Amino acid sequence: MRGLFRWSGKWWPGVIPLVVLWGFAAWTSTVPLENDLAGRSSAALKGSVLDKTSITVDGRDVALRANAFSEAGRRDAVAAVDAVPGVRLVNDETRLVPEAKPFVWSVERDVVRVTLGGNAPLPALKGKLVEATRSALQGGEVADQMSLARGAPPHFEDAALLLIGQIGRLKDGKFTISDGEVSLTGMARELGGREAIAAALAKLPDGFKVASNEVKAPPYIFQAYKDPVAVTVTLSGNVPDENIHAVVVGSSSRKFFSEKVVDNLKNSVGAPANFVNAVVPALGALSRLSTGTLVVSDRDIKISGDALYDAAAGQIRTGLAKDVPQGWQVKADITVKPAAAPVDPTVCQQLFADLLGKARIRFETGRSDLDRDSTGLLDRLVEIAMRCPAANVEIAGHTDAEGDAAANQALSEKRAQAVVDYLVKAGLPAERFTAVGYGSAQPVASNDTGDGRAQNRRIEFLVR
């Protein structure tokens, strides 16, 4: 026995290197095998739709970790790895991606970026939505905050891409899908954007409907500026269509008789109701100012500038509020132009003649009622009359030769008196003015032509 121990004491130290060599050989032969199985297992999953896939190999046993998007997809992934030659056992550590109830997705635009949020049903679609958003913004910043989840409604992709295609129409706002319901909030970038978005939503795929649409239009702006230095009236902003465009420009040309009308208007949808019925009287108020600005924003009217005399300032403030349709708001910031220096009667007569040579006082057809398009002209005549306080003025009415002479005589007298009444209402003394009607007795042109008859229908101011 003692000999045996002496003999074993000689060989067992030599076993240790053999064990080390055996372990090293086993390890060096196993690592390539495991790497090969891992590579072939990954290749077997190439066609599978998975998220967060991880493969670990221990000998010929494979541990598969992954998030699958359906039960069938999960089983198919495990079966694909199990079918890899050389795999002895598959440890199934897969699980299903959580299901979102309700399934919510959103695209939101703010000043600097567009953010995609909520859930996407598949990784490939998640990337597709991001790229579609970048394309719609033409290079704008896109933030992807989407999570992956099951439970998307049928045709989700089509609905989401349709909404992404409309995000460029927003200045800011958010589109949201919650299962099959679509909600929208925000401000459209341009006039007509809200209507264009609504038209696009009519093409939502089956199963989707608009639950709420709170996209607002930007303010509908119309502006007019009267510049006494350039002798222009500049119209800018929006009008609803070509017909109203023509009405507004035509009305301006009649009201602003001595100024050139500069038309910078464009036709745009989204005008508030009764737009033209508010804008035309507002232009009439502007025509009574020496210089002024008119801004119409949706149903708010703001007018500012200098009236030609005190009474006109008050009339403009109160009259415009009565003239515009119900539901419109008026803010008038009207001051009074400083009075011009007095002139002698001869200069006064020349100023009257020059002014009435540019335009004529208009009346309702066949009547003595003053046409409202002539209000700006009448205010200018009032201003001149105030500059010659010592002069007496005859207001002479004339008609053409059409119709009964006695009727024409009476009409000319009534029209002359209507002008006198306007001057007196402006604050001028009644005793300075005399209304005289001449009927058709003093023509200045032939009554055989329409143009000639129009010239004969006139009011003259004669300083006596």
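Residues numbered from 1 in each chain as written. Predicted model: local features only at pLDDT ≥ 70, side-chain atom pairs only at ≥ 80, totals over all residues. Heavy atoms only, no water.

As annotated in an unreviewed UniProt entry, the protein carries the name OmpA family protein and comes from Bradyrhizobium denitrificans. The UniProt entry for the protein carries the following text under Subcellular location (unreviewed entry): "Cell outer membrane". (UniProt positions renumbered as here; feature names shortened; annotations may be inferred.)

Draft legend 1. Spatial organisation of the overall build of the protein. When you go through the protein residue by residue, the secondary structure sums to 12 helices and 20 strands. With the principal axes as the frame, the protein shows a C-alpha extent of 160 × 45 × 35 Å. In the protein, which comprises 464 residues, the proportion classed as buried is 41%. By sequence separation, contacts in the protein at least 24 residues apart represent 68% of the contacts at least 6 residues apart. A total of about 23,900 Å² of accessible surface is found on the protein, and carbon and sulfur atoms cover 52% of it. Charge-centre separation for the protein: the mean point of 54 positive side chains lies 7 Å from the mean point of 54 negative side chains. (Helix = DSSP H or I, 4+ residues; strand = E, 2+ residues; numbered from the N terminus. Buried < 20%, exposed > 50% of the residue type's maximum accessible area, 1.4 Å probe, protein only. Contact = heavy atoms within 4.5 Å. Areas by Shrake-Rupley, 256 points an atom, 1.4 Å probe, with all protein chains shown as cover. Lys, Arg positive; Asp, Glu negative; His and termini not counted. Charge placed at Lys NZ, Arg CZ, Asp CG, Glu CD.)

Draft legend 2. Expanded view of the packing of aromatic side chains. Evaluated as defined, the whole model comprises 5 aromatic pairs. With a centroid separation of 6.1 Å and an interplanar angle of 80°, the aromatic rings of F222 and F275 are classed as edge-to-face. Residue F222 is found in strand β12 (residues 221-227), and its partner F275 is found in helix α7 (residues 275-287); the two are separated by 53 residues along the sequence. For F275, a relative accessible area of 3% corresponds to the buried category. Seen in terms of ring centroids, F352 and F461 are 4.9 Å apart; in terms of plane orientation they differ by 40°. Their pairing is tilted. Taken together, the residues F352 in helix α9 (residues 345-358) and F461 in strand β20 (residues 458-463) connect sequence positions 109 residues apart. The pair formed by F352 and F461 is uniform in burial state, with each residue classed as buried. Connected via pairs of aromatic rings, a cluster forms that spans F103, W105 and F156. (Phe/Tyr/Trp six-rings, centres within 6.5 Å; stacked < 30°, edge-to-face > 60°.)

Draft legend 3. Fine view of the pairing of strand β18 (residues 393-398). Of all 6 residues that make up β18, 6 are buried, and the element is covered over most of its length. Neither face of β18 is exposed, since V393, I395 and G397 on one face and E394, A396 and H398 on the opposite face are all buried. Note: β18 against strand β19 (residues 433-437), 5 bridges, orientation parallel. Considered in β19, the bridge of E394 is made with T434. A crossover links β18 with its parallel partner β19, the connecting element being helix α11 (residues 405-425), and its sense is right-handed. Examined bridge by bridge, β18 and β20 share 6 bridges and lie antiparallel to one another. Following the sheet pairing, V393 is matched in β20 by V463. (Pairing = 2+ DSSP bridges. Right-handed = clockwise from strand over helix to strand, strands pointing away.)

Draft legend 4. Representation of the pattern of salt bridges. Here the structure, examined in full by the defined rule, presents 22 salt bridges. For the salt bridge of E71 with R75, the shortest nitrogen-to-oxygen distance reads 3.7 Å. With E71 and R75 both in helix α2 (residues 71-82) and 4 residues apart, this pair spans about one turn of that helix. Notably, a salt bridge pairs R254 with D373, separated by 2.7 Å at the nearest N-O pair. (Salt bridge = Lys/Arg side-chain N within 4 Å of Asp/Glu carboxyl O.)

Draft legend 5. Main features of the UniProt feature "domain: OmpA-like" (unreviewed entry) in the protein. The sites that carry the UniProt feature "domain: OmpA-like" (unreviewed entry) are, in the present numbering, residues 350-464. Between the C-alpha atoms that bound residues 350-464 there is a distance of 13 Å. The span itself is 43% helix and 15% strand.

Draft legend 6. Fine view of the layout of surface pockets. Computed from the structure, the largest pocket encloses a volume of approximately 460 Å³. Along the walls of the largest pocket sit 20 residues, with R288, D323, R372, T375 and Y422 positioned nearest its centre. Sorting elements by how many residues they give to the lining of the largest pocket places helix α8 (residues 310-323) first, with 5 residues. A per-class count over the lining of the largest pocket returns 10 nonpolar, 4 polar and 6 charged. (1 Å grid on protein atoms, 1.4 Å probe; cavity = no way out; pocket = protein on both sides within 12 Å on 5 of 7 lines; lining within 4 Å. Points joined across faces, edges and corners; volume = space filled by probe spheres on them. Nonpolar A, V, L, I, M, F, W, Y, C, P; charged D, E, K, R; others polar.)

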